[in-house]
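Secondary and tertiary structure notes
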Amino acid sequence: MAAAATTTRPAVPLLKDELDIVIPTIRNLDFLEQWRPFFQAYHLIIVQDGDPSKTIKVPEGFDYELYNRNDINRILGPKASCISFKDSACRCFGYMVSKKKYVYTIDDDCFVAKDPSGKEINALEQHIRNLLSPSTPFFFNTLYDPYRDGADFVRGYPFSLREGVPTAVSHGLWLNIPDYDAPTQLVKPLERNTRFVDAIMTIPKGTLFPMCGMNLGFNRELIGPAMYFGLMGDGQPIGRYDDMWAGWCSKVICDHLGLGVKTGLPYIWHSKASNPFVNLKKEYKGIYWQEELIPFFQSATLPKECTTVQKCYIELAKQVKAKLGKVDEYFIKLADAMVTWIEAWDELNPPPGGKSTELPNGAAATK
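Computed from a predicted structure; not experimentally measured. (Residues numbered from 1 in each chain as written. Predicted model: local features only at pLDDT ≥ 70, side-chain atom pairs only at ≥ 80, totals over all residues. Heavy atoms only, no water.)

UniProt records the feature "glycosylation site" (unreviewed entry) at Arg155, using the numbering of this structure. Structurally, Arg155 is set in the loop between helix H5 (123–132) and strand E6 (167–176). The class of Arg155 is exposed, set by a relative accessible area of 84%. (UniProt positions renumbered as here; feature names shortened; annotations may be inferred. Helix = DSSP H or I, 4+ residues; strand = E, 2+ residues; numbered from the N terminus. Buried < 20%, exposed > 50% of the residue type's maximum accessible area, 1.4 Å probe, protein only.)

Listed below in structure tokens is the structure:
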């Protein structure tokens, strides 16, 4: 089977020089050995969380750069306060320092999954294919992604919408350990996801979704500045909502700017269930707050003057402070951090000869 899988891989990996793989970690990256056939051709950005004096070992043969907390403080100075500590939310620093058009991020407890035939799934290649094909957020296609081989637009689908829109986000799924919240983990401790659904779909405009950051690809030039994973972990009243926050913000902005978000394939194998009691402590306020957060994002609108991701994000930060600040003072602090994040992003990603807010979709310059 391994030989057969090898023959199906492209001779030259897709977007080899246009994509960075971002990995947050507190441990040695032995998991990369299983991903070697799929990841070795790409550049890795490793964001080390926790104790910066600890040495993280990376298997030989990988091209990577590694940043710890000391590096983050050195590079961002006072603005480093917007990057979470002791939480995987620190991964978004990798998005900021990347100079590539695309980013794929994965957790270090995720391994190569197999499809129902037993073939290993090249998750990265599937994410790239998702991102390089259009999305259809304005009208749902009942055969799901019409751009896949063997599918098309069904009868009754408007021809005026068949061109689709650029895809900004590709959200992948997981076999084995599902991405459950703590209460669900506690009542279903032995549940495992064994269902492989061979489908990719565009999330419709106006519909939010719970974005998981452990198997995620996105077009950094189209939506990168909105992929801020918030203030979580050490010193914060909440955790495990970092990717949720980025998902809600980026979806509102994608809807406003006419960009697409896909979910479904590819699958990875999520190997380790986190402690539900620890998770409950982290999630408690989020579970309570989300009943007000979701309606806020569902009703959020951005003025037509917001023509770039940065402008959209700054406007969203204002609305977070004004409306969610009444829920808890944490959101006032988070809104300020959102502004700091954009300021830091623009400092590290200056556009050629002008302000980034004047650049369509906040496209980053390349050094």
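Counting across every chain of the model gives 15 salt bridges. Between Arg36 and Glu33 there is a salt bridge; the shortest N-O distance is 3.0 Å. Here Arg36 and its partner Glu33 are both found in helix H2 (residues 32–39), 3 residues apart, which amounts to about one turn of the helix. A relative accessible area of 44% means that Glu33 is categorised as partly exposed. Measuring nitrogen to oxygen at the nearest pair gives 2.8 Å for the salt bridge that ties Glu125 to Arg129. Here the residue Glu125 and the residue Arg129 both occupy positions in helix H5, the gap between them amounting to 4 residues, near one helical turn. (Salt bridge = Lys/Arg side-chain N within 4 Å of Asp/Glu carboxyl O.)

Together, Leu186, Val187, Phe277 and Leu280 make up an exposed nonpolar region whose accessible area comes to about 380 Å². Elements with a minimum of two residues in the nonpolar patch: helix H6 (182–187) and helix H9 (276–299). In this fold, Phe277 is placed in helix H9. (Patch = residues over 30% accessible without salt bridge, like charges linked within 9 Å, V, L, I, M, F, W, Y side chains within 5 Å. Areas by Shrake-Rupley, 256 points an atom, 1.4 Å probe, with all protein chains shown as cover.)

Right, let's get into the pairing of strand E4 (residues 102–106). Of all 5 residues that make up E4, 5 are buried, and the element is covered over most of its length. By the alternation rule, side chains of E4 split into Tyr102, Tyr104 and Ile106 and Val103 and Thr105, which are all buried. Sheet topology places strand E1 (residues 19–25) next to E4; 4 bridges connect them, and they run parallel. Bridge pairing links Leu19 to Tyr102 in E4. Relative to strand E8 (residues 215–219), E4 is paired through 5 bridges, and the arrangement is antiparallel. If you follow Tyr102 over to E8, its bridge partner there is Asn219. (Pairing = 2+ DSSP bridges.)

Glancing now at the UniProt feature "site: Required for activity" (unreviewed entry) in the protein. Following the UniProt record, one finds the feature "site: Required for activity" (unreviewed entry) at Arg155 and Arg162. Of note, Arg162 is situated in the loop between H5 and E6. Aside from chain neighbours lying at most four places away, what touches Arg162 is Tyr147, Phe153, Val154 and Tyr157. (Contact = heavy atoms within 4.5 Å.)

Moving on, we come to the nonpolar core. Membership of the largest hydrophobic core comes to 69 residues, with the highest contact counts inside it found for Ile223, Tyr228, Trp245, Tyr313 and Trp341. With 11 residues, helix H11 (residues 330–348) is the largest single contributor of residues to this core. Beyond its immediate stretch of four places on either side in the chain, Ile223 contacts Ala168, Val169, Phe218, Ser250, Ile253, Cys254 and Val309. Ranked by size, the runner-up nonpolar core spans 29 residues in total, among them Leu32, Tyr42, Ile46 and Ile56. (Core = buried A, V, L, I, M, F, W, Y, C linked by side-chain atoms within 4.5 Å.)

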